[in-house]
Amino acid sequence: MQIDNVKIYADESAEISSIGKVATGASFGVDSSYAIFTNINKSVGKSLDYLIIVDFEREQEALVPKIQDFADELGIELIVVKTNAINFGINADVLYAQNYLGSVLALQRLIGTYYYGSAYDDFKFDHEPAHFDLLSVECFSNGTTRFLSSNQAIDRPHKTEYLTKIPFTYSHLSVCADDDRKQCGRCTKCVRTQIDLDSAGCLDKYGDLFDINIYKTNRKKWLGRLMYWNGKEPFNTMSYRYAKEKGVKFPMRSYIWLGIYTLIYSIKIFFSIEQI
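Residues numbered from 1 in each chain as written. Predicted model: local features only at pLDDT ≥ 70, side-chain atom pairs only at ≥ 80, totals over all residues. Heavy atoms only, no water.

S.K.: Please clarify how the nonpolar core should be interpreted in this entry.
M.R.: As a rule of thumb, nonpolar side chains are buried together in soluble globular proteins. Formed by 46 residues in total, the largest nonpolar core has its most connected members in Phe28, Phe37, Leu48, Leu51, Ile67, Leu74 and Phe250. Where this core is concerned, the elements lending two or more residues are α1 (30-37), β2 (50-56), α2 (64-74), α7 (188-199), α8 (212-229) and α9 (234-245). Sorting elements by how many residues they give to this core places α8 first, with seven residues. Those residues in contact with phenylalanine 250 that lie beyond four places of it in its chain are Leu223, Leu226, Met227, Tyr240, Ala243, Lys244 and Tyr255. By size, the runner-up hydrophobic cluster in this structure holds 18 residues, among which are Val54, Ala97, Tyr100 and Val137. (Core = buried A, V, L, I, M, F, W, Y, C linked by side-chain atoms within 4.5 Å. Buried < 20%, exposed > 50% of the residue type's maximum accessible area, 1.4 Å probe, protein only. Helix = DSSP H or I, 4+ residues; strand = E, 2+ residues; numbered from the N terminus. Contact = heavy atoms within 4.5 Å.)

Written out as structure tokens, the structure reads:
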């Protein structure tokens, strides 16, 4: 049996035109805030016209009123794109950027340039697609909308340091992994951000966001945990590297906590292997 290549005959679609507005995401985390404030009121190039939230299956519905308030204070219009893309077998955690940017293309008649706030400052091909945003984000560009990785040349602690010069962030930074509406001060993201702010000498500016007394009480323990994860997890490695760059002194008790965490995780790993 002879099998021929499939031939498709289709009329060419009309070229889509865009009015060329500029947008970026609006989670107001560190990466998002850096993308916003490095592209707002630019003296060279186009400034932001819109902030965008892509809401996967109403995951961020409760967050929208807070983000709307933030956008109103900045004087930038907020657009909320609701999508059920994750219902089609797409891993929203691994392919977050791809899901997000694909949804933004629904606005291509409006958006001519979109700045994507990348998380990592290094470029490499591995299981985490965010490491090669510099390449993959641009691949979503078409003749109407161009996507740019706006901040892959700088790591997260240095983005945080940049944001400490912007008073708006003192009460509007949103980094918590456990509660989008307030900062718990104890989750991994809150702790890392506070360590970075502490290393930059600016933690006290963020007293409206974090209960700084909680941080000061746990600081030695959390620095010990930071040392344990240095070299094992990328964001902790960035924060450790930044702390050393800023001359942070790690107390002896932090080294004791390093030993405790080493023991705890060694036991966990041992029992995980035993179960296998």
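Still more to cover.
S.K.: Just to check I follow, could you spell out unusual backbone geometry for this structure?
M.R.: A negative phi angle is the norm for most residues apart from glycine, just as the trans form is the norm for most peptide bonds. Of note, the phi angle at phenylalanine 28 is positive, near 65 degrees, even though the residue is not glycine. You can see phenylalanine 28 is positioned in the loop between β1 (21-25) and α1. For phenylalanine 28, a relative accessible area of 1% translates into the label buried.

S.K.: Looking at this structure, how should I read the packing of aromatic side chains?
M.R.: Per the counting criterion, the structure on display carries 18 aromatic pairs. Measuring from ring centre to ring centre gives 6.0 Å for tyrosine 215 and tryptophan 222, while their planes differ by 45 degrees; the resulting arrangement is tilted. Note on tryptophan 222: relative accessible area 5%, which makes it buried. Through a chain of ring-to-ring contacts, the aromatic side chains of Tyr100, Tyr114, Tyr116, Phe140 and Phe147 assemble into a single cluster. The positively charged end of arginine 156 is found above the aromatic ring belonging to phenylalanine 235, 4.1 Å away from the centroid. The aromatic ring of tyrosine 228 is capped on one face by lysine 232, whose charged end is 4.2 Å from the ring centroid. (Phe/Tyr/Trp six-rings, centres within 6.5 Å; stacked < 30°, edge-to-face > 60°. Lys NZ or Arg CZ within 6 Å of the ring centre and 35° of its normal.)

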